[in-house]
Every structure is written in structure tokens, then in C-alpha cells.
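# Close look at the chain arrangement
The primary structure of each chain is shown beneath.
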Amino acid sequence: MRYGIIGTGAIGGYYGAKLAHNGREVHFLLHRDYEYVKNNGLQVDSCDGSFCLDHPYIYNKVEQMPQCDVVLVGLKSVNNHLLKAMLPPLLHERTLVVLIQNGIGVEQDVQAMFPNLWIAAGLAFICSAKSEPGRVDHQCYGHINLGNYSCKDEALVQKVIDDFNAAGVKAGLIEYEEARWKKAVWNMPFNGMTVALQTQTDLLLKHPATRQLIREQMMEVITTAQHLGVKNIDEQFADLMIQMTDEMTPYSPSMRLDYDFHRPMEIYYIYTRPLQMAREAGHPMPKLEMLEAELRYLDVGMAGQRI
């Protein structure tokens, strides 16, 4: 099975490299570090064992890439408008596109661009960063769940899961809405709070006041999801996410890194879209609405630095 990677960063680079290291045929789209990887390979520094792909299949133009059976999209969701031009060269009639992205609503909007496309959500629980060319720093965790959004071939989704597991990446199948909202339980508190307070995940949980606030924000997400009919999500899941974060390496989530490097933050899908859904359902999330307002203020200030 042939894989394509759109967005060879901390997430797409890691999962694509793991598949390639295990013998899968993987084609990577690169931009700024294309020449570096061409000359030096793609390095993964990992808590589970480091390795280098010496001669990966790499491209700096999507038109040069072959059609793929599975496309893993690791782009930040602020760049999803680019998919209109980037995806078509990689697609055949039965291509599965896995959106390994943060937030609620990304699949719905990509489906509107490509009505017949087979789409699945990729929900990654991983601490990973790419702060220099051709090098992915995988710090801890790394498992991924897939939620089938519109793929008519369930066996294909299962084959992707099997390939991940064979490559040493723990993977499983989970109901789509459950998958997205469970990821939001972690994403909505920690991404924004590390930006607003200029800190890392461990320090937020070490201080009693912010630990309590994080849990209250998690419960806003959980009770909203329950109100919307999402199954298998309850108060115990908040405790599990806090325990998992207590045990992980001190971490700056993707939104914090975007803010630090003066890049646009993924506010719309991580905050605006689910907050809108919550209000329309008559179950608003006031603490997270306040956090979104703070992030929008900071994003405007950061936009001035990007000009």
C-alpha cells in the first residue's frame, strides 16, 4: 500500500517515517527542508528508539508525487485551503485521506471541497516537535486513533491501523464523534492555556489553581459532548487525561510553538467551531469562551509581528 504525506512536520514526519522505517512505501512532500533531507535524510530522534531514513521518497512539488492509496495530512488546519490544489494529484477513486489535525469540523469542511473523497480522522496523542530542518523530536507517547468519517471501505481503514501497529505505533479504531471530542478534552484546555500563560503543560498542573481550572475546562468539553450525544466520554476521562499529562515530558503544545514562532494559531477549529456548536445546542462553555477571546487578542498582536 502506498502512502503520501502532506505536511512533513512534527506529526506527519513522525508517522510517515515510522511507516517507511517498517518497509511501507511512503512519499513525503517537503518545502523548506527539501534540500536538507535530500542530502542528509530524515532523522527521527525518539524516546522509543531513534533512526534515520537515509533516502526517503521526497518531493518539493505535489505534482511530482504519485497517486497514493492513503494520504496522511499533517498540515496545520489554518492551511487547509491549500488542499484544493495539493490533494488532487495524489488521489485515485479509492484513496483514503486521513486528517491528522486538531479541532472539530475539519472533516466536514474538507468533504465539502471533495464530495466523493474518502476521509478519516486521525487523532494523535503524541509529544513531538520539529524545530530544525529534517529532524523530528519525538518526546513521548505516540499512539493514534482513527475515526471513519466517510470511507466506504472499512477494510482499508483497518489496514492503515494494522500498518501503524506493525510499525510500532499503537493504533485503534474509534467512533468518529467520540474520537474528535475526546481529543478536544485535552486540546482545548492545554493548547490555549500554555499560550495565554506562557508556560508548559507540567507547570499548569503543578499549580493548584490552574490544575483546577484545566479540569473545569475539560468538564465543559465533556458535558457539552454528552449533551450532543457523544458516547463513552465522562468525568473519568478528564482524570485520565490529567494523569497522562502528569506523566508526560514537560511539553509545549503545537499552539504554543505556533505562537512562539509567530505563526497563525489554529483557533478556529480548536475553539471557535466547537464553541459555536455548544452555543447552538444550548450548552455554552464559558471558561473556554474566555480563553478563546484571550487567544484572539494575542493572535491579532502576533499578526502585526508577522507583517
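What comes next is a walk through the structure. (Residues numbered from 1 in each chain as written. Predicted model: local features only at pLDDT ≥ 70, side-chain atom pairs only at ≥ 80, totals over all residues. Heavy atoms only, no water.)

## Comments concerning the overall build of the protein chain
Check the secondary structure of the protein chain and you find twelve helices and ten strands. Computed over C-alpha atoms, the radius of gyration of the protein chain comes to 19 Å, within 12% of the 19 Å expected from 2.2 N^0.38 for 307 residues, which places it in the range of a compact globule. Along the three orthogonal principal directions, the C-alpha set of the protein chain runs to about 50 × 40 × 40 Å. Counting only residues that meet the buried cut, the protein chain has 55% of its 307 residues in that class. Restricting to contacts in the protein chain with at least 6 residues of sequence separation, those with at least 24 account for 70%. Put simply, the protein chain shows about 13,400 Å² of open surface, and 51% of that area lies on carbon and sulfur atoms. (Helix = DSSP H or I, 4+ residues; strand = E, 2+ residues; numbered from the N terminus. Rg over C-alpha atoms; globule rule 2.2 N^0.38 Å. Buried < 20%, exposed > 50% of the residue type's maximum accessible area, 1.4 Å probe, protein only. Contact = heavy atoms within 4.5 Å. Areas by Shrake-Rupley, 256 points an atom, 1.4 Å probe, with all protein chains shown as cover.)

## Section: the side chain of Asn-102
You can see Asn-102 is positioned in the loop between strand 7 (96–99) and helix 4 (106–113). Taking the relative accessible area as the measure of exposure, Asn-102 reaches 13% and is therefore buried. Here the side chain of Asn-102 touches Lys-183 through a polar contact of 3.2 Å, side chain to side chain. Here Asn-187 takes part through its side chain, which lies 3.0 Å from a polar atom of the side chain of Asn-102. If near-sequence neighbours (up to four positions away) are discounted, Asn-102 is found in contact with Ser-77, Arg-180, Lys-183, Asn-187, Ser-254, Glu-266, Tyr-269 and Ile-270. (Polar contact = N/O pair within 3.5 Å; in protein donor to acceptor, adjacent residues only side chain to side chain.)

## Remarks on helix 1 (residues 12–21)
In terms of burial, helix 1 is a largely internal element, nine of the ten residues being buried. For helix 1, every residue scored as buried is listed here: Gly-12, Gly-13, Tyr-14, Tyr-15, Gly-16, Ala-17, Lys-18, Leu-19 and Ala-20. At the exit of helix 1 stands Gly-23, carrying a positive phi of roughly 100°.

## Comments concerning the nonpolar core
Counting residues in each nonpolar core, the largest one holds 45 residues, and the members touching the most others are Met-188, Met-218 and Tyr-271. For this core, the secondary-structure elements that each account for two or more residues are strand 8 (118–132), helix 6 (176–196), helix 7 (201–206), helix 8 (208–227), helix 9 (235–247), helix 11 (267–280) and helix 12 (286–306). Top contributing element to this core by residue count: helix 6, with ten residues. Setting aside its immediate chain neighbours within four residues, Tyr-271 contacts Asn-187, Met-188, Asn-191, Gly-192, Met-255, Leu-288, Leu-291, Glu-292 and Leu-295. If you look at the next biggest cluster of nonpolar residues, it comprises 38 residues, including Tyr-14, Val-37, Ile-100 and Ile-144. (Core = buried A, V, L, I, M, F, W, Y, C linked by side-chain atoms within 4.5 Å.)

## A closer look at helix 5 (residues 154–166)
Compared with the 18 Å implied by 1.5 Å per residue over 13 residues, the 18 Å span of helix 5 between its first and last C-alpha is a close match. Looking only at helix 5, the buried set comprises Leu-156, Val-157, Val-160, Ile-161, Asp-163 and Phe-164. Down the axis of helix 5, the sector holding all buried residues measures 160°, keeping them to one side. Of the exposed residues in helix 5, the ones pointing more than 90 degrees away from its buried face are Glu-154 and Ala-155. One side-chain oxygen at the N-terminal end of helix 5 lies 3.1 Å from the backbone nitrogen of Ala-155; it belongs to Asp-153. (Expected span 1.5 Å × (residues − 1). Arc of directions from axis to C-beta.)

## Concerning the environment of Leu-146
Relative to the elements of secondary structure, Leu-146 occurs in strand 9 (residues 135–148). Taking the C-alpha atoms as reference points, Leu-146 and Leu-298, separated by 152 residues in sequence, lie 32 Å from one another.

## Let's talk about the packing of helix 6 against helix 11
Running from amino to carboxyl end, helix 6 crosses helix 11 at an angle of 125°, the nearest separation of the two axes being 10 Å. As summarised for this structure, helix 6 and helix 11 are arranged oblique, according to the angle between their axes. Taken as a pair, helix 6 and helix 11 cross one another with a handedness that is left-handed. Where helix 6 abuts helix 11, its residues Trp-181, Asn-187, Met-188, Asn-191 and Gly-192 lie against Ile-270, Tyr-271, Pro-274, Leu-275 and Met-277. A per-class count over the contact of helix 6 with helix 11 returns seven nonpolar, three polar and no charged. (Axes fitted to C-alpha atoms, helices over the stretch in contact; angles between N-to-C directions. Parallel < 35°, antiparallel > 145°, perpendicular 65-115°, else oblique. Left-handed = near helix turned anticlockwise from the far one by under 90°. Nonpolar A, V, L, I, M, F, W, Y, C, P; charged D, E, K, R; others polar.)

## Some words on the state of the cysteines
With the rule as written, the count across this model stands at zero disulfides. In this model Cys-47 remains outside any disulfide bridge; the closest cysteine sulfur is found in Cys-140, 6.2 Å from its own. A disulfide-free cysteine, Cys-127 has its sulfur positioned 3.4 Å from the sulfur of Cys-140, the nearest such atom. According to the relative accessible area criterion, Cys-127 is buried, its value standing at 1%. (Disulfide = S-S within 2.5 Å.)

## Examining the pattern of salt bridges
Counted under the stated rule, the structure contains 19 salt bridges. Between Arg-256 and Asp-260 there is a salt bridge, and its shortest N-O distance comes to 3.0 Å. Within this pair, Arg-256 and its partner Asp-260 are both found in helix 10 (residues 254–260), separated by four residues, close to a single helical turn. When its relative accessible area of 12% is taken as the criterion, Arg-256 is described as buried. Each of the salt bridges in this network shares a partner with another, and the network as a whole consists of Asp-45, Glu-132 and Arg-135. (Salt bridge = Lys/Arg side-chain N within 4 Å of Asp/Glu carboxyl O.)

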